[in-house]
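Observations on the three-dimensional arrangement
Okay, here's what each chain looks like letter by letter:
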Amino acid sequence: MTSSAVRWRASISLTVGDGGPVSSIVESDHGSEGSAREWIERKLPRTRFPAWIPAARRRDGVELFGRVARGRIVPDQLLPTWEPEPAPVWHADRAGDQVQWRRCAADDR
């Protein structure tokens, strides 16, 4: 099995409480870290909660956040698979119309 060149995956995800489940809402692959971070900076401040989350629940620790991870696309027999590298990732939190970045371990949220 061969893998593609290094890619940076930008994703906007939803989490429920500290250590709760995480669900990706949208993802986009990029050829550079800078491009992936720019995508998050454009998309994250405008991202809305999915309609299936009632407004009352949004105050109960439900959060939207962005993440940029480094990895490769590995071709599979049916579908290509994303394989993240164990490198640190960028985590983005919304702060009004801005994004606040921090580095964290690959397995942190």
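Parameters at a glance
Residues numbered from 1 in each chain as written. Predicted model: local features only at pLDDT ≥ 70, side-chain atom pairs only at ≥ 80, totals over all residues. Heavy atoms only, no water. Salt bridge = Lys/Arg side-chain N within 4 Å of Asp/Glu carboxyl O. Helix = DSSP H or I, 4+ residues; strand = E, 2+ residues; numbered from the N terminus. Buried < 20%, exposed > 50% of the residue type's maximum accessible area, 1.4 Å probe, protein only. Phe/Tyr/Trp six-rings, centres within 6.5 Å; stacked < 30°, edge-to-face > 60°.

Overview of the pattern of salt bridges
In this structure the tally under the stated criterion is five salt bridges. Salt-bridge contacts for Arg72 lead to Glu85; the nearest nitrogen and oxygen are separated by 3.7 Å. Within this pair, whereas Arg72 is found in strand β3 (residues 62-74), its partner Glu85 is found in the loop between β4 (81-84) and β5 (89-95), the two being separated by 13 residues in sequence. The closest approach of N and O atoms between Arg102 and Asp93, which form a salt bridge, is 3.8 Å. Take Arg102: its relative accessible area is 37%, and that puts it in the partly exposed class. With a relative accessible area of 23%, Asp93 lands in the partly exposed category. Each of Arg9, Glu27 and Asp29 takes part in a single network of salt bridges with overlapping partners.

Some thoughts on the packing of aromatic side chains
All chains considered together, the criterion is met by one aromatic pair. Aromatic pair Trp90 and Trp101: ring centres 6.1 Å apart, planes at 85 degrees, arrangement edge-to-face. Within this pair, whereas Trp90 is found in strand β5, its partner Trp101 is found in strand β6 (residues 98-104), the two being separated by eleven residues in sequence. Judged by its relative accessible area of 19%, Trp101 is buried.

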